[in-house]
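# Descriptive analysis of the structure
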Amino acid sequence: AQTVTQSQPEMSVQEAETVTLSCTYDTSESDYYLFWYKQPPSRQMILVIRQEAYKQQNATENRFSVNFQKAAKSFSLKISDSQLGDAAMYFCAYRRAGTASKLTFGTGTRLQVTL
Amino acid sequence: EAQVTQNPRYLITVTGKKLTVTCSQNMNHEYMSWYRQDPGLGLRQIYYSMNVEVTDKGDVPEGYKVSRKEKRNFPLILESPSPNQTSLYFCASRRTGGDTQYFGPGTRLTVL
């Protein structure tokens with residue numbers, strides 16, 4: 001069974017600084033997708049960034065980028081120029097390719113942004 | 001606007017009183033699913049549906065039922081709720097061949 005591990009329950013970053021959230025996963029599949037979701041206090045699940053396993057290039061979305069290390073099964077999220085609005089719970093998620101496959105989530109990292 | 005809607009957003013009920021949480025999407029997605037979120041556990045899949053009249057269990061299906069009579073709707077039914085079903089519930093949908101799931105706003109359920 002696939003598992004996703006987020007070893008940092010809480011992180012803190014100062015405004016305008018950079019922070020990296022860690023995620024590792026376990027799978028025997030070669031074709032899969034990885035995601036980072038943000039959950040602000042409103043509880044809405046917001047997709048931050050996604051990565052296809054067959055793509056070697058790391059995904060980037062504005063201030064958010066990932067470091068995808070397929071061999072190490074690592075998928076970290078880097079937030080640059082942190083803003084107060086980045087404060088939220090962040091979930092790493094995995095889904096193998098296939099029509100019926102589900103998202104498997106990590107337990108989340110709560111990010112605080114301080115002035 | 002493309003969206004997944006859930007109702008109600010908040011619900012407090014008592015043990016054993018049947019309830020239904022509705023989910024609807026307007027994106028013509030084939031795949032729909034329900035998740036529950038509990039502190040320290042992340043989100044776990046309850047049930048999913050590949051299309052109309054096709055449903056299957058996820059990781060934590062006990063105590064829940066679903067139906068998919070129409071493509072856009074995927075209600076979650078708790079026939080006899082118990083306190084351990086107190087949780088935050090999310091409905092989600094995606095295209096069968098799509099990689100991204102779209103989530104509803106969540107339903108906070110408390111069972112006393």
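Going by the structure above, here's the rest.
Residues numbered from 1 in each chain as written. Chains lettered and ligands numbered in written order. Predicted model: local features only at pLDDT ≥ 70, side-chain atom pairs only at ≥ 80, totals over all residues. Heavy atoms only, no water.

### Considerations on the sheet that holds strand S8 (residues 76-78) of chain B
All names here are of chain B. Strand order in this open sheet of four strands is S1-S3-S8-S7, and the pairing throughout is antiparallel. Unpaired on one side and paired on the other, strand S1 (4-7) and strand S7 (65-66) mark the two borders of the sheet. One ladder, built from four bridges, connects S1 with strand S3 (residues 19-25); its direction is antiparallel. The residue bridging Asn7 from the neighbouring strand is Thr22, located in S3. (Pairing = 2+ DSSP bridges. Helix = DSSP H or I, 4+ residues; strand = E, 2+ residues; numbered from the N terminus.)

### Let's talk about the environment of B:Asp56
Considering the arrangement of structural elements, one finds B:Asp56 in strand S6 (residues 54-57). B:Asp56 gets classed as partly exposed once you look at its relative accessible area, which sits at 39%. (Buried < 20%, exposed > 50% of the residue type's maximum accessible area, 1.4 Å probe, protein only.)

### Points about the layout of surface pockets
Space inside the largest pocket adds up to approximately 310 Å³. In terms of lining residues, the largest pocket is bounded by 20 residues, among which A:Gln39, A:Met89, A:Arg110, B:Gln37 and B:Arg108 are the most central. Breaking the lining of the largest pocket down by element, the ones donating at least two residues are strand S10 (88-96) of chain A together with strand S4 (31-38) and strand S9 (87-94) of chain B. Take the lining of the largest pocket: its biggest share by element is three residues, from S10(A). Across the lining of the largest pocket, the residue classes break down as nine nonpolar, seven polar and four charged. (1 Å grid on protein atoms, 1.4 Å probe; cavity = no way out; pocket = protein on both sides within 12 Å on 5 of 7 lines; lining within 4 Å. Points joined across faces, edges and corners; volume = space filled by probe spheres on them. Nonpolar A, V, L, I, M, F, W, Y, C, P; charged D, E, K, R; others polar.)

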